[in-house]
Every structure is written in structure tokens, then in C-alpha cells.
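Below, each chain spelled out in residue letters.
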Amino acid sequence: MTKPCPCGSGKEHVECCTPYISGEKPAPTAEALMRSRYSAYVLNELDYLKQSLAPEALKDHDDSSVKEWAEKADWLGLEIHDTWAGGEGDEAGIVEFTANYAIDGEELSHRERGEFRKIEDNWRYVDGQMVSGPPVRKERKIGRNEPCPCDSGKKYKKCCGR
């Protein structure tokens with residue numbers, strides 16, 4: 001029985017990320033490497049996570065914390081938001097993504113703009129910056145023609161909205 005790939009590509013796992021994780025062939029793009037790294041977290045393929053790092057990223061790699069996160073998390077899905085370069089003919093690229101997961105029943109997300117570089121024809125993860133989503137307004141927005149919340153009896157635009 002075949003399984004869908006955890007990366008959310010819609011392909012079967014054996015036709016998507018498995019060849020990259022197993023070392024059968026290199027990921028052709030930065031996005032393909034990002035997807036295979038997510039699948040490696042889901043499948044606890046910790047060696048692949050380390051092997052797919054650029055040399056400068058290895059200095060910050062902590063095997064035990066990667067293992068703990070991979071095993072503790074219930075992986076819920078990957079969303080690719082955008083890519084910049086990172087194609088087969090490129091030497092560098094950026095992939096913005098969100099990895100959704102739950103720990104102890106609490107749903108969380110990790111949104112990042114990841115930097116990738118091709119080293120000897122193999123894409124490698126270099127570094128990433130956390131990206132926050134759009135601001136969340138917790139208070140109701142007051143319309144210009146609504147009564148002013150200060151109870152003056154005037155419209156908002158003629159009172160506190162000036």
C-alpha cells in the first residue's frame with residue numbers, strides 16, 4: 001500500500017521525498033529539499049536532517065534537540081508560501097513555509113523564511129529567519145460614521161477619530 005508524502009505535495013511518498021531522504025538522488029530544487037526536510041522530521045530521519053545542512057549550519061546543529069522536537073511533535077502539515085530562486089539552474093534560493101504541528105495537544109506553527117544554497121550540485125539548508133504573520137486585531141474596528149465610543153453622542157470621525 002502506498003502512502004501520500006508527508007510534505008503535502010499530493011504525490012506518493014516513494015515518488016516524492018523518499019529518493020532524496022534515502023540518498024538515491026539529490027533534491028533538484030530548494031523547495032524539494034525543504035519538503036524532504038519536513039518529511040524527514042515526520043519520519044524521524046534524523047541523519048538526513050543533519051546531512052542536508054550547509055557546513056556553516058552544522059555548528060549550531062544539536063542532535064538531541066532535533067531528535068526531541070521530531071519525536072515529540074505530531075506533524076500536521078506543511079504549507080509553502082513562496083519561493084525566490086532556488087530552481088534547478090540556481091545556486092541559491094529562499095523558501096518561505098509554515099510547518100504545523102502539535103505538542104501535548106496544543107497546535108503550533110513554525111513560519112520561516114529558509115535560505116538554501118547549492119553546494120557541489122546538492123541543495124543544502126543554510127539558515128532561516130522566523131516570519132510573523134499579519135497582525136491580529138483583537139478589538140473591533142470602529143467605523144468613521146459610527147457613534148464615538150467616548151459616549152459624546154458625536155460620530156467617531158467628528159470626535160476621537162480626528
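Attention in this report is confined to the structure presented alongside it. Counting of residues starts from 1 at the beginning of each chain's written sequence and follows it residue by residue. Predicted model: local features are reported for residues with pLDDT of at least 70 only, side-chain atom pairs are reported and counted for 80 or more only, and whole-chain, interface and lining totals are derived from all residues. To get the side-chain values, take all heavy atoms of the structure and skip hydrogens and water.

Okay, the environment of V131 next. Locating V131 in the fold gives a position in the segment after β4 (122-130). For every residue, the accessible area obtained with a 1.4 Å probe (protein chains only) is divided by the maximum for its type, and the residue is called buried under 20%, exposed over 50%, and partly exposed between those limits. V131 sits in the buried class, given a relative accessible area of 19%. Between the C-alpha atoms of V131 and F97, which are 34 residues apart in sequence, the distance is 9.1 Å. Working rule for contacts: check all heavy atoms of both residues, and any pair within 4.5 Å makes them a contact. Non-local contacts of V131, meaning those with residues more than four positions away in its chain, are made with E96, R111, E112 and R113. Segments assigned H or I by DSSP are reported as helices when at least four residues long, segments assigned E as strands when at least two residues long, and all are numbered from the N terminus.

Space inside the largest pocket adds up to approximately 550 Å³. Around the largest pocket, the lining comprises 26 residues; the ones closest to its centre are R37, Y41, L53, E112 and Y125. With six residues, the single largest contributor to the lining of the largest pocket is β4. Amino acid classes used here: Ala, Val, Leu, Ile, Met, Phe, Trp, Tyr, Cys and Pro are nonpolar; Asp, Glu, Lys and Arg are charged; the rest, including Gly, are polar. Taken together, the residues that form the lining of the largest pocket break down as 14 nonpolar, five polar and seven charged. Grid points spaced at 1 Å and placed over the protein atoms alone form the basis of the search, with a cavity being a set where a 1.4 Å probe fits but cannot get out and a pocket an open set showing protein on both sides within 12 Å along at least five of seven lines. Lining residues have an atom within 4 Å of a point. Grid points are joined across faces, edges and corners, and a volume is the space filled by probe spheres set on the points. Here the second largest pocket defines a volume of roughly 180 Å³. In terms of lining, the second largest pocket is formed by 13 residues, of which the most central are Y20, P26, Y48, N122 and R124.

A word on a positive patch on the surface. Only residues whose relative accessible area exceeds 30% and that take part in no salt bridge are eligible for patches, with like-charged residues grouped when within 9 Å of each other and nonpolar side chains (Val, Leu, Ile, Met, Phe, Trp, Tyr) grouped when within 5 Å. Surface exposure here means Shrake-Rupley accessible area, sampled with a 1.4 Å probe, where a residue is shielded only by the protein chains that are shown. In the sections that follow, a salt bridge refers to a side-chain nitrogen of Lys or Arg positioned within 4 Å of a carboxyl oxygen of Asp or Glu. Think of it this way: Lys and Arg go in the positive column, Asp and Glu in the negative one, and His and the chain ends go nowhere. For the purpose of locating charges, the reference atoms are NZ of Lys, CZ of Arg, CG of Asp and CD of Glu. On the surface, R144, K154, K155, K158 and R162 cluster together into a positively charged patch. On the secondary structure map, R162 appears in the segment after β4.

Looking now at the pattern of salt bridges. In this structure the tally under the stated criterion is seven salt bridges. Across the salt bridge formed by E31 and R35, the nearest N and O atoms sit 3.0 Å from each other. Taken together, the positions of E31 and R35, both in helix α2 (residues 30-42) and four residues apart, correspond to about one turn of that helix. Using a relative accessible area of 16% as the deciding quantity, one classes R35 as buried. Here E56 makes a salt bridge to R117, at a shortest N to O gap of 2.7 Å. One end of the pair, E56, is in helix α4 (residues 55-58); the other, R117, is in strand β3 (residues 106-119), and 61 residues separate them in sequence.

On to α2. By definition here, a helix of n residues has an expected span of 1.5 Å times n minus one. With 13 residues, α2 should cover 18 Å at 1.5 Å per step; its first-to-last C-alpha distance of 19 Å lies within 8% of that length. Buried within α2 we find A30, A32, L33, M34, R35, S36, R37, Y38, S39, A40 and Y41. In the stretch just after α2, N44 is the one whose phi turns positive, near 55°.

It is worth spelling out the packing of aromatic side chains at this point. In this analysis, rings of Phe, Tyr and Trp, with Trp reduced to its six-membered ring, are considered paired at centre separations within 6.5 Å, and the interplanar angle assigns stacked below 30 degrees, edge-to-face beyond 60, and tilted for intermediate values. A full pass over the atoms with the stated rule returns seven aromatic pairs. Between the aromatic rings of W69 and W75, the centroid separation amounts to 5.2 Å while the plane-to-plane angle is 65°, which identifies the pairing as edge-to-face. For W69, a relative accessible area of 26% corresponds to the partly exposed category. When the ring of W69 is compared with that of Y101, the centres are 5.5 Å apart and the planes differ by 85°; the resulting orientation is edge-to-face. In this pair, W69 is assigned in helix α5 (residues 63-72) and Y101 in strand β2 (residues 92-103), connecting sequence segments 32 residues apart. Site record: aromatic cluster; members linked through ring pairs are Y38, Y41, W69, W75 and Y101. The residue whose ring lies beneath R37 is Y125, and the NZ or CZ to ring-centre distance is 4.8 Å. As a reminder, the over-ring test applies to NZ of lysine and CZ of arginine, requiring each to be within 6 Å of the ring centre and within 35 degrees of the ring normal.

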